[in-house]
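The primary structure of each chain is shown beneath.
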Amino acid sequence: MYTIDHWISGARVRSTSGRMGPVFQPATGEQQGQVGLASVEEIDAAVSAASEAFASWRSSSLSSRADILFRFRQIVDSRRDEIVQLISSEHGKVPSDAAGELARGIENIEFACGIPQMLKGSYSEQVSGGVDVYSLRQPLGVVAGITPFNFPAMVPMWMFANAIACGNTFVLKPSEKDPSTSMLIAEMFAEAGLPEGVFNVVHGDKVAVDRILEHPGISAVSFVGSTPIARYIYSTGTANGKRVQALGGAKNHMVVLPDADIDMAADAAVSAGYGSAGERCMAISVVVAVGDVADPLVEAIKARLPQVKVGPGTDPEAMMGPLITGEHRDKVASYLEGAPNEGARVIVDGRDADLPDKGFFLGVSLVDEVKPGMRVYDDEIFGPVLSVVRVDTYEDAVRLINDHPYGNGTAIFTRDGGAARAFQFDIQVGMVGINVPIPVPVSYYSFGGWKASLFGDANMYGPAGVDFYTRTKTVTSRWPDPATSKVDLGFPQTK
Ligand code: NAD
C-alpha cells in the first residue's frame, strides 16, 4: 500500500496531521493507498510557499512563462500512458476514457502557452490634452483550486494552466479519492523548470477546504464539485473577501425531435449517458423524447445496451468501468429500487447485469416514463442510469428543461435548423449541443453552466479564465511641459 504526500515548495512532504484517507482501486474494491489529509498548518505551509514564490514569478517575463508551459506540455504529452494508467487505477474509468480526459486537459495547457497574447492591455492616446490612459492585467497573488474526483487531470488543468500563466502561484486541493495524478503533474512541472512554490498540492477534506476559504493569503478560489459544496464554497469564500468561481452539479437533458435520425440519437444517448459510468458533469442523464419518436427511440437505445461491456480498465474490451466507491454504487442503485414505486418503468436494470465479482461495478440502466417530482428525475444521480421523459411538443421539452434547477449542459437532436436555432435561443442552460451530446467547449472558449450549476459570474478556462485570474489596473498618464503646470482644484475633465 502506498502513501501519497503533499507537494510543497517543489518537494514531496509527508503529512504529519495524523489523519489519513483511503485510496481504493475501484475495479477491485481494494484499498491500494492512503493519503494524508492536511491539517491547518499544512495548508498554511503550502500558502507560505506560494506567497514566497509570487514576487519573483509575477516578475518573470511572459516569454519565459510560456517557455515553461511549452516544456510542460511536451513532458505531459510524452508521458500520457503513465498518467492514463494512474487515472484508470484510482478513478476506475477505462484507459480510452482517461486518455480523452487528458487530451481535453492538455488543450488548456496549449491555450495557456499563448499567454503573451492574452495578457495584452489597451491604450488610448490623448484622452485629454497630453493625457493617455492604458489598462494592464496583473495577477491576483496566491490562488487555490479545489477539484472533484471525476476528472483528476482535466479539471485541475482547467484551472492551474491559466492561473500560473497569468503570473499567480497556485495551491491545488484535489479530490482525496484519486489524488495521485496531481502529484505526477507536480513532478512534471518541476521537470519543466517551474520555480519552487509556484505550484503546490495539498490533499485533504473539509479541514483543508475550510482553511483555504478563510486563509487571508489566498486571493481567489476556483471550485468544481457538487452543488451543495459549490454553494458553500461560494458563500464562504466571498464572505472572506475572495474572488470565487464555483461550478456545481448537473442534470443534462438531450431532446430528440420527431425528425431526428433515430440511430444517431440512440448512439449519442448511449455514449453520453454511460461513458465514464455516468460520472461526468456533462453526461446525458435524461432523454426527452418528443411526440412519436419515443417508442422507436427507447427500442433503439435498449438494443444497444448489451454491447456496453462493463469491466476493469485492464480489460481491453471494457467500455465502462466501476463507480468511484462502494457507497456511491449503492446510492446509484437505490434510485433503481425507488423508481418503480414512483411510477417509472425500469426497462434495463444494471443490478441484474453480469458483472465482475469484485469492485464497485453496476451495469447500465434505462428507466422509461420518468416525470418531474420523481427522485430519479430531480436528483443528479451521477451513475450509469439513463432516464426517458416523454413529452408531446417541443415547447413541453423546453419548459421541462428550463424548470429544472440545474443548467449545465443540454443537447438537441434534429434535422431542422430552425428548431435548433430556436432551442439555442430559448434554453436556459450554459452549454448547448446541436446534434452533439457532450458540448464541452474547446479551451479557447469557456466552460460554465447556469442556475444551480455555477455560483458566481465567472466561467472557467479560456478567455474567462484569464479574466478570473487577473485584475485590471488602469493608468492615467501625463508627461507635461513644466511650463504649463498650475494648481487647479476642479474635478479633472477631458475637454
Ligand atoms: P464533491 O463536491 O463531493 O467534492 C469536490 C471537492 O470538494 C473535493 O475536493 C472534496 O474534497 C471537497 N469537499 C467535499 N465535501 C466537502 C465539504 N463538506 N466541505 C468542504 N469541501 C468538501 O464532488 P465529487 O463527488 O468529488 O465530484 C462529483 C460532483 O462534481 C458532481 O456533482 C459533478 O456534477 C460535479 N462536477 C461538476 C463539474 C462542472 O464543471 N460543473 C465538473 C466535474 C464534476
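These remarks concern the structure in this document. Quick caveat: nothing in here was measured; it's all calculated off a predicted structure.

1. Points about the site of the ligand
Among the 27 residues in the neighbourhood of the ligand, the closest are listed as Pro148, Gly225, Ser226, Gly249 and Cys281. Classifying every residue of the shell around the ligand gives 12 nonpolar, 10 polar and 5 charged. Both domain 1 (2-248 + 453-475) and domain 2 (252-434) contribute no fewer than three residues apiece to the shell around the ligand.

2. Digging into helix α7 (residues 180-191)
Taking 1.5 Å of rise per residue, the 12 residues of α7 would be expected to cover 16 Å, and the 17 Å separating its terminal C-alpha atoms lies within 8% of that figure. For α7, the complete set of buried residues consists of Ser180, Thr181, Ser182, Ile185, Ala186, Met188 and Phe189. Glycine 193, located one to two residues past α7, shows a positive phi value of around 95°.

3. Remarks on the environment of alanine 265
Position of alanine 265 relative to the elements: it lies in helix α10 (residues 262-274). On the basis of neighbour counts, which here come to 27 C-beta atoms within 10 Å, the residue alanine 265 falls in the buried class. Sequence spacing of alanine 265 and methionine 188 is 77 residues, and the spatial spacing of their C-alpha atoms is 40 Å. In this structure, alanine 265 is in contact with Val256, Ala260, Leu297 and Phe413, ignoring residues within four places of it in sequence.

4. Digging into the sheet that holds strand β23 (residues 470-478)
Ordered in space as β6-β7-β23, the 3 strands form an open sheet in which the pairing is antiparallel. Both outer strands of the open sheet, β6 (122-128) and β23, are each paired with one neighbouring strand and no more. Taking each pair of neighbouring strands and ignoring which way they run, the sheet shows an average axis angle of 25°. With 4 bridges joining them, β6 and strand β7 (residues 131-139) adopt antiparallel strand pairing. Pairing of tyrosine 123 across the sheet is with tyrosine 134, part of β7.

5. Some points on the packing of helix α4 (residues 95-113) against helix α6 (residues 154-165)
At a minimum axis separation of 8 Å, α4 and α6 run at an interaxial angle of 10°. Overall, the two elements α4 and α6 adopt an arrangement that is roughly parallel. Along the contact surface, α4 presents Glu101, Leu102, Arg104, Gly105, Asn108, Ile109, Phe111 and Ala112, while α6 presents Met154, Met157, Trp158, Ala161, Asn162 and Ala165. When grouped by side-chain class, the residues that make up the contact of α4 with α6 number 9 nonpolar, 3 polar and 2 charged.

6. Looking at the nonpolar core
Core analysis: the biggest nonpolar cluster contains 85 residues, and Phe170 and Val221 have the highest contact counts within it. Of the residues forming this core, the biggest block, 10 residues, is contributed by α6. When sequence neighbours within four positions are dropped, the list of residues in contact with phenylalanine 170 reads Ala50, Val143, Gly145, Phe160, Ala163, Ile164, Val198, Phe199 and Asn200. Core analysis: the second largest hydrophobic core is formed by 71 residues, Ala250, Ala266, Ile284 and Tyr377 among them.

7. Side note on the environment of phenylalanine 361
If you trace the backbone, phenylalanine 361 turns up in the loop between β15 (345-348) and β16 (365-368). Among the residues examined, phenylalanine 361 registers 24 C-beta atoms within 10 Å and is labelled buried. Residues phenylalanine 361 and glycine 433, spaced 72 residues apart in sequence, show a C-alpha to C-alpha distance of 30 Å. With residues up to four places along the chain from it excluded, the contact list for phenylalanine 361 reads Val310, Pro322, Leu355 and Pro356.

8. Concerning helix α2 (residues 62-78)
For α2, with 17 residues, the first-to-last C-alpha span of 24 Å sits near the 24 Å given by 1.5 Å per residue. Among all positions of α2, only Arg65, Leu69, Phe72, Arg73 and Val76 are buried. Buried residues of α2, viewed axially, fall in a sector of 105°; they line one side. What points out from α2, more than 90 degrees from its buried face, is the exposed set Ser63, Ser64 and Ser78.

9. Here's the deal with the pairing of strand β5 (residues 30-36)
Where strand β1 (residues 2-4) meets β5, 3 bridges bridge the pair, whose relative direction is parallel. Note on β5: the bridge partner recorded for threonine 3 is glutamine 34. In this structure, strand β4 (residues 20-25) lies alongside β5, joined through 6 bridges in antiparallel fashion. If you follow glycine 21 over to β5, its bridge partner there is valine 35. Hairpin remark: β4 followed by β5, antiparallel, with 4 residues in the connecting loop; positive phi at glycine 29, about 80°.

10. A short note on the sheet that holds β15
Reading across the sheet, the 7 strands line up as β15-β16-β17-β14-β13-β19-β20 and stay open at both edges, with mixed pairing between neighbours. Each end of this open sheet is capped by a strand with a single partner; those strands are β15 and β20 (431-434). The sheet shows a mean angle of 20° between the axes of neighbouring strands, direction not considered. In this structure, strand β14 (residues 284-290) lies alongside strand β17 (residues 385-391), joined through 5 bridges in parallel fashion. Its bridge partner being in β17, valine 287 is matched across the sheet by valine 388. Across the sheet, α10 lies against β13 (252-256), β14, β17 and β19 (409-413), angled at about 155° from β14, the strand it touches most.

11. Some words on the environment of glutamate 191
Position of glutamate 191 relative to the elements: it lies in helix α7. The exposure class assigned to glutamate 191 is partly exposed, which follows from the 13 C-beta atoms found within 10 Å. Placed 123 residues apart in sequence, glutamate 191 and isoleucine 68 show a C-alpha to C-alpha distance of 9.5 Å.

Rules and cut-offs
- The residue numbers shown here count from 1 along each chain, following its written sequence.
- Reporting in this predicted model follows two pLDDT cut-offs: at least 70 for local features of residues, and 80 or more for side-chain atom pairs to be given and counted; totals over whole chains, interfaces and linings ignore these cut-offs and use all residues.
- Put plainly, near means the residue's C-beta atom, positioned from the backbone, lies within 6 Å of the molecule or strand in question.
- Each residue gets one of three labels, nonpolar for Ala, Val, Leu, Ile, Met, Phe, Trp, Tyr, Cys and Pro, charged for Asp, Glu, Lys and Arg, and polar for the others, Gly among them.
- Domain delimitation in this document rests on an assignment produced automatically or drawn from a domain database.
- Runs of H or I in DSSP of at least four residues are treated as helices and runs of E of at least two as strands, each being numbered from the N terminus.
- Multiply 1.5 Å by the residue count of a helix minus one, and that product is the helix's expected span.
- Three exposure classes are used, all based on how many other C-beta atoms lie within 10 Å of a residue's own C-beta (placed from the backbone): buried at 20 or more, exposed at 12 or fewer, and partly exposed between those limits.
- Contact between two residues is assigned whenever their backbone-derived C-beta positions fall within 7 Å.
- The pairing criterion for strands is at least two bridges between them, as found by DSSP.
- Only the stretch in contact is used when a helix axis is fitted, and all axes are lines through C-alpha atoms; the angle between N-to-C directions ranges over 0 to 180 degrees.
- These descriptions rest on fixed angle ranges, namely under 35 degrees for roughly parallel, over 145 for roughly antiparallel, 65 to 115 for roughly perpendicular, and the rest for oblique.
- The nonpolar core criterion groups buried Ala, Val, Leu, Ile, Met, Phe, Trp, Tyr and Cys residues into a set whenever they are joined through C-beta atoms within 7 Å.
- Throughout, the arc means the angular range of directions from the helix axis out to the C-beta atoms.

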